[in-house]
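Understanding the architecture of this molecule
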Amino acid sequence: MASLGVEAEQEPLLGHSIPGSREWDIIETEEHYKSRWRSIRILYLTMFLSSVGFSIVLMSIWPYLQKIDQTADASFLGWVIASFSLGQMVASPIFGLWSNYRPRKEPLTVSIFISVAANCLYAYVQVPASHNKYYMLVARGLVGFGAGNVAVIRSYIAGATSLQERTSSMANTSACQALGFILGPVFQTCFALIGEKGVTWDTIKLQINMYTAPVLLGAFLGILNIILILTVLREHRVDDSGRQCKNINFEEASTDEVQVPQGNIDQVAVVATNVLFFVILFIFALFETIVTPLTMDMYAWTREQAVLYDGIILAALGVEAVIIFMGIKLLSKKVGERAILLGGLIVIWVGFFILLPWGHQFPKIQWEDLHNNSIPNTTFGEIIITLWKIPREDHNEGPTGCPVEQAWCLYTPMIHLAQFLTSAVLIGIGYPSCNVMSYTLYSKILGPKPQGMYMGWLTASGSAARILGPVFISQVYAAWGPRWAFSLVCGIVVLTITLLGVVYRRLIAFSVRHGRIQE
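Residues numbered from 1 in each chain as written. Predicted model: local features only at pLDDT ≥ 70, side-chain atom pairs only at ≥ 80, totals over all residues. Heavy atoms only, no water.

A look at the packing of aromatic side chains
Applying the stated rule across the entire model yields 18 aromatic pairs. The interplanar angle of 50° and the centroid separation of 5.3 Å between the aromatic rings of Tyr-64 and Tyr-122 together place this pair among those described as tilted. Remark: Tyr-122 occurs in helix α4 (residues 105–123) and Tyr-64 occurs in helix α2 (residues 61–68); sequence separation between them is 58 residues. Taken individually, Tyr-64 and Tyr-122 each receive the classification buried, so the pair is uniform in this respect. Considering the side-chain rings of Phe-284 and Phe-287, the 6.4 Å spacing of their centres and the 35° angle between planes classify their relative orientation as tilted. Placement of both Phe-284 and Phe-287 in helix α9 (residues 267–299) is noted, with a separation of three residues, approximately one turn of the helix. Comparing Phe-284 with Phe-287 shows no difference in burial state: the two are buried. A cation sits over an aromatic face here: Arg-154 above Tyr-439, 4.0 Å from the ring centre. (Phe/Tyr/Trp six-rings, centres within 6.5 Å; stacked < 30°, edge-to-face > 60°. Helix = DSSP H or I, 4+ residues; strand = E, 2+ residues; numbered from the N terminus. Buried < 20%, exposed > 50% of the residue type's maximum accessible area, 1.4 Å probe, protein only. Lys NZ or Arg CZ within 6 Å of the ring centre and 35° of its normal.)

As for the environment of Asn-435
Tracing the chain through its elements places Asn-435 in helix α13 (residues 417–446). Under the relative-accessibility criterion, Asn-435 is labelled buried at 5%. Distance in space between the C-alpha atoms of Asn-435 and Phe-278 is 9.8 Å, their sequence separation being 157 residues. Contact partners of Asn-435, with chain neighbours within four places excluded, come to Ser-174, Phe-277, Ile-280 and Leu-281. (Contact = heavy atoms within 4.5 Å.)

Describing the nonpolar core
Counting 74 residues, the largest nonpolar core has Phe-287, Leu-294, Phe-352 and Phe-486 as its most contacted members. Two domains each put at least three residues into this core: domain 1 (29–245) and domain 2 (265–367 + 400–518). If we ignore the near neighbours within four places in the chain, the residues touching Phe-287 are Leu-317, Phe-352, Leu-355, Ala-424 and Ile-427. Ala-72, Ile-81, Tyr-122 and Val-125 belong to the second largest nonpolar core, which has 26 residues in total. (Core = buried A, V, L, I, M, F, W, Y, C linked by side-chain atoms within 4.5 Å. Domains from an automatic or database assignment.)

Printed below as a string of structure tokens:
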């Protein structure tokens, strides 16, 4: 037998609960314990592979789109990019609801199969004689639809862990996701050695080059993932104390299982947490979007320099996020999730406040060739285009600086590089802290009941944030400049902190709220 300890993922619990402690006596066989954590770790891998599948093509979407369809412009690129989040937003509640009533293997397998098929479609988008850009749009939308399984993954992990295990497990999930986002572009860079021409398999009309090889790898990894899910994953559900619960998802019944505790979910806390999660992802999405145009305007970087330097900065933030996720597991045991969420929002506010331009030094003005790679009068695709576009001219030929057609360039002080880097570090601390704490609290608020549908709505709110954040920052930055843009962001963060203060006492675990466990 085993009882729950502090290092849940590393030590099966071997003793009795200390009299007077917050823990209940939990009965779990060694076999059940190993099966439960083996299944959870399979879903860590699924989250990692899902992130790799998304990010492995990001740096090549724009040149590939130009190659397959000359009619594609920056505006259409925006739709291609947004289609992933739109697909995920639609699919998340569907897969979440499905997982509430059927074994989680079903939605997981179907969603990954959709992603595999979408990756194969992406590899063939150059074959049709016309309308190639629309095939790419459909392919990326279907990849996003398949990524709706994030809701299933989070609901499974939330239902298969006790309160003590939850924060650590959610942090590990986020760390795997972040690691996937970091390594995806690295794999893409390796495939660049194949070149644009690559090799062609005439029998099946498959061209394997620097654009298609990454998605084919993603499809292969997806097939392996499906095999692992079908062979290794088992259905497990425990209550907040770690005792096995009966659930429709269970394939086998056990006499040790207990009924799911009854009680109402605090819907105010649910809605508030969805709003908090939306704002957190909204803020980070707009920061990722504005990094390249901001640095090109403020420091007169060329496109090549901006892609290189900003890529390094974002990769460093990804590594920082993984470290933060690991540290949060220890810190949350001392100060609690709500305090970390509040602290993370304050750190984010400080980060954006530091970004406000001050002083009397102004950025270099781009007086000629007003078609800068910044974002005046732009569409969503034109904002992001600098991250993907491969310039055709020598980088010394293009004019640099803040384009004069952005009137604010003439009177807005520049943001010094030290300001920007300090801000990036702070936002890199605050965002992962808030991200993992928000859906950890969310899972605890929902309690041991099936969480698939609720996690679906949470994932959908995050997808909506990734769509709206870039649109918001593009319009405000182009029209009014960084002072107004970052002031408004600071205001949004203040309102979010106020909301958190209002609902702070309600963001407690289901079992704590109903008096079954003391906080």
